[in-house]
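# Structural characterization, general
Listed below, chain by chain, are the residues.
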Amino acid sequence: MTRVFKLALILLIVPIIFGACKAEKAASVHDNQYANEIQNLLRQMTIEEKIAQMSQVDPGFYQSADALKEAIRNDEIGSILNVTGAENVNELQRIAIEESRLGIPLIIGRDVIHGFRTIFPIPLGMAASWNEELVRESAAIAAKEAASVGINWTFAPMIDVTRDPRWGRIAESAGEDPLLNSMVARAMIHGFQGDDLSNPLTIAACAKHFVGYGAAEGGRDYNNTPIPDYYLHNLFLPPFREAVNAGAATVMTAFNEINGIPATGHKHNIRQILRKEYGFNGFIVSDWASIEEMIVHGYSADGKQAAQQALEAGVDMEMASRTYTDNLKQLLDEGKVKMEWIDEAVANILYVKFQLGLFENPYVDVSLADSLLVHPQHLEVAKKLAEESVVLLKNEQNTLPLKKGTKVALIGPLAHQPYEQLGTWIFDGDENDSQTVLDAFIEFNGSNNTHFAEGLKYSRDQSTTGFSDVSRAIAQSDVVVAIVGEESILSGEAKTLAELKLPGKQEELLVLAASKGKPVIMVVMAGRPTGLLQTQHLADAILYAWHPGTMAGPALANLIFGNSVPSGKLPVTFPKGEGQIPIYYAHNMSGRPATADNWVHIDDIPVQAVQHSLGNTNHSLDYGFTPLYPFGYGLSYSSFEYSNIEISDNQIQVSETLTVTATIKNTGEYTANEIVQLYIRDLSASYVRPVRELKNYQKIELQPGESKQVNFTLDKSDLGFYKPDGTYIVEPGKFNVWIAEHAETGLMAEFEISE
Ligand code: NOJ
């Protein structure tokens, strides 16, 4: 090699290496404010002590409380999940601090998903409020309550975009849209963590499940998630990018395999995308036994290989299974894992422990819980969020709101079920705190005006023996309020349903109610979009309440009797039936889009019609092409008029911003909130783009007759997309922009990004 050539090569390679190091360094935890303390500890730790930090256990794994304590004393554990109680946790921490060799505190994790003791609406309901501040507040309250019993870390928010209402965990997500999932990610992380993680009333958040878990085929939990890179980058990853930007302290890997590689062993997604590209500097925990389950997937031959693959992929802490504990030392001795990887994992974990202030004060003030749990202010926020999460789907002839003093037949299996209204993942919720619809109706409207007959004891009840009581209650009343839906156990993890229709004999109950000739108001409490095609015509008004939490009763009574006005909008498309799934608003444009004029209903096809393919469009012969209710949909007791869409320019450069405005007028009789939505469509791009994409929204309050101009700005961060390799690109060309009430309506303008 000539000297000149060598020099040229060095000049070429050095910046590349230097650049790579720089990128890695930026994302490295060794750069943080606790770097010296962490290095100090790492220097003192034995390999066993390091591996212990990487292990999270459940107390149930130990034969006795003493056995758990002994394991802490012997430096075998870095984290525990599912212990609570200030005194209990303090004792475990005391053993870790005072009796283990190096005195490293534990980090105590728990699923605090939509509240701790005060239960807020399920996350899907929170998303329906489109109220970031209120969601943040609910998470801050959950953090306070959880911290008061010794919890340092929650496994929330779940920000898995999902487009399948059969999937039980849709209850835990913010629905089908990456922007709404990003909003919930930001709001919850800011709420849980506050400004300062060392504040004793904040806890570390965990963005989960990285990544693609919501794409489970058929909505069957833990199922395959084939996700082309284009969709990974544009749909499933953006909420995680937002979570990292919002400062999430931890991230959890997912159970699913993604394009053949288990998410928990996915080196590219974890090390390249999450760490290097997004700069995530907290720690990464597996899901429950998801490292060991790589053996079941058939990706790892045994626990040893699973441990090697997970660590190499960048998983810092193992939840529940013990492949790290059992194998890492041997893997290190055999040179199959690097000490550097172990040190990095331990450093990441210690970093979060330092941030939480656990080294300075690992103990919780035991008097805190009494003054904090289900504090009246917490209940107020729970009521407000429950109110704002409810979506009014139908209101014929202004059936709602009811006048106070109206005689109501209150029926249905969820009208007085303090436990069921709480929804999924409520380990620490207490049904004794719940205020049911029956409680609230009696309080708001008087017991004389409330004729209660649930008709069915629970949502799946097949016995109609209670129906005669229902008929009697209706005979004594002017209107029927039917609280139907799903028991809480029917949604959440591993709660897939193949059919979405209301379970048990609820349809029959509604048929009975509708047969009496009195207005029927149907309130649905459920963890997912249920199939309303069969029942919606039986009701004059429908309020979709999700599982609203502790304050379900007062929130619904406020809405039903007009003390407040519904403002929620759907975070997910409601299909007409399971056969329409997946159906979501932001689908890519088809070459043969269906329109109101060009789709053919099955009944319109003549008998023995000649086979032909012309004029065929993107629809089902039976259901057509529109859903039952579109994304973003939700009515109000008031009405709104959208007018005068204006854009600041018809043409902008990539670097410029565009302002889009419209006037929204409250044309009804109630002071009300409206969620005004901004959508765009990139009309021609190097990759086919969705027919619409939500880019922003504002929730505005308007008095009757009042008009407001809403202003949105769009810039290059809104107007581009990710190519399959993850690079972000804004392409010149024409765009549509809408200011809209929901995804299927709106005022439209056009603009162009010039070369
Ligand atoms: C499994 C779930 O997938 C995850 O979301 C949860 O945080 C863990 N179990 C711990 O309970």
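Residues numbered from 1 in each chain as written. Predicted model: local features only at pLDDT ≥ 70, side-chain atom pairs only at ≥ 80, totals over all residues. Heavy atoms only, no water.

### Description of the packing of helix α17 (residues 376-389) against helix α21 (residues 552-560)
- Packing of α17 against α21 leaves a shortest axis separation of 8 Å and a crossing angle of 50°. Taken as axis vectors, α17 and α21 run oblique relative to one another. When you trace α17 past α21, the crossing you get is right-handed. Here α17 contributes Lys-383, Ala-386 and Glu-387 to the contact with α21, which in turn contributes Pro-554, Ala-555, Asn-558 and Leu-559.
- Each residue belonging to the contact of α17 with α21 can be placed in one class, and the counts come to four nonpolar, one polar and two charged. (Axes fitted to C-alpha atoms, helices over the stretch in contact; angles between N-to-C directions. Helix = DSSP H or I, 4+ residues; strand = E, 2+ residues; numbered from the N terminus. Parallel < 35°, antiparallel > 145°, perpendicular 65-115°, else oblique. Left-handed = near helix turned anticlockwise from the far one by under 90°. Contact = heavy atoms within 4.5 Å. Nonpolar A, V, L, I, M, F, W, Y, C, P; charged D, E, K, R; others polar.)

### Quick word on the domain arrangement of the protein chain
- When its domains are assigned, the protein chain resolves into domain 1 (104-355), domain 2 (369-560) and domain 3 (640-753).
- Of note, the centres of domain 1 and domain 2, computed from C-alpha atoms alone, are 33 Å apart.
- Listed per partner, the contact involves 42 residues of domain 1 and 43 residues of domain 2.
- Taken together, both faces of the contact between domain 1 and domain 2 bury some 3500 Å²; the carbon and sulfur share is 65%. (Domains from an automatic or database assignment. Buried area = accessible area lost by both parts, 1.4 Å probe.)

### Brief notes about a nonpolar patch on the surface
- Together, Val-600, Ile-602, Ile-605 and Leu-621 line one region of the surface with nonpolar side chains, adding up to about 290 Å² of accessible area.
- Here Val-600 shows up in the loop between α21 and β17 (640-647). (Patch = residues over 30% accessible without salt bridge, like charges linked within 9 Å, V, L, I, M, F, W, Y side chains within 5 Å. Areas by Shrake-Rupley, 256 points an atom, 1.4 Å probe, with all protein chains shown as cover. Salt bridge = Lys/Arg side-chain N within 4 Å of Asp/Glu carboxyl O.)

### A closer look at the site of the ligand
- Near the ligand, the surroundings consist of 13 residues, among which Asp-111, Arg-169, Lys-208, His-209 and Asp-287 are the closest.
- One of the side-chain N or O atoms of Lys-208 is found 2.8 Å from an oxygen atom in the ligand.
- Side-chain polar atom of Asp-287 to an oxygen atom of the ligand: 2.5 Å apart, as the coordinates give it.
- Here the ligand has 300 Å² of accessible area as a free molecule, and 94% of this is covered by the chains.
- When the residues that make up the shell around the ligand are grouped by side-chain class, the tally is seven nonpolar, one polar and five charged. (Near = heavy atom within 4 Å. Polar contact = N/O pair within 3.5 Å; in protein donor to acceptor, adjacent residues only side chain to side chain.)

### Side note on the sheet that holds strand β18 (residues 651-652)
- Strand order in this open sheet of five strands is β18-β26-β25-β20-β21, and the pairing throughout is mixed. Edge positions in the open sheet fall to β18 and β21 (693-702), since each of these has one partner strand only.
- The pairing of strand β20 (residues 672-682) with strand β25 (residues 733-740) spans six bridges and is classified as antiparallel. In the strand pairing of β25, Tyr-679 is matched with Trp-738. (Pairing = 2+ DSSP bridges.)

### Topic: the side chain of Arg-110
- With respect to the helices, strands and loops of the structure, Arg-110 is situated in strand β3 (residues 107-110).
- Setting aside residues no more than four positions away along its own chain, Arg-110 makes contact with Asn-82, Thr-84, Ile-151, Trp-153, Thr-154, Phe-155, Phe-427 and Asp-428.

### Thoughts on the nonpolar core
- Residues Met-54, Trp-153, Phe-192, Leu-311 and Tyr-324 are the most contacted members of the largest nonpolar core, which totals 127 residues.
- Here the element with the most residues in this core is helix α15 (residues 339-355); it accounts for 10 residues.
- Membership of the second largest hydrophobic core comes to 56 residues, among which are Leu-402, Val-437, Ile-664 and Leu-714. (Core = buried A, V, L, I, M, F, W, Y, C linked by side-chain atoms within 4.5 Å. Buried < 20%, exposed > 50% of the residue type's maximum accessible area, 1.4 Å probe, protein only.)

### Some remarks on the environment of Asn-131
- Structurally, Asn-131 can be placed in the loop between α6 (123-129) and α7 (132-147).
- Distance in space between the C-alpha atoms of Asn-131 and Leu-385 is 8.4 Å, their sequence separation being 254 residues.
- Residue contacts for Asn-131: discarding those within four places in its chain leaves Met-183, Glu-388 and Lys-699.
- Here Glu-388 takes part through its side chain, which lies 3.0 Å from a polar atom of the side chain of Asn-131.

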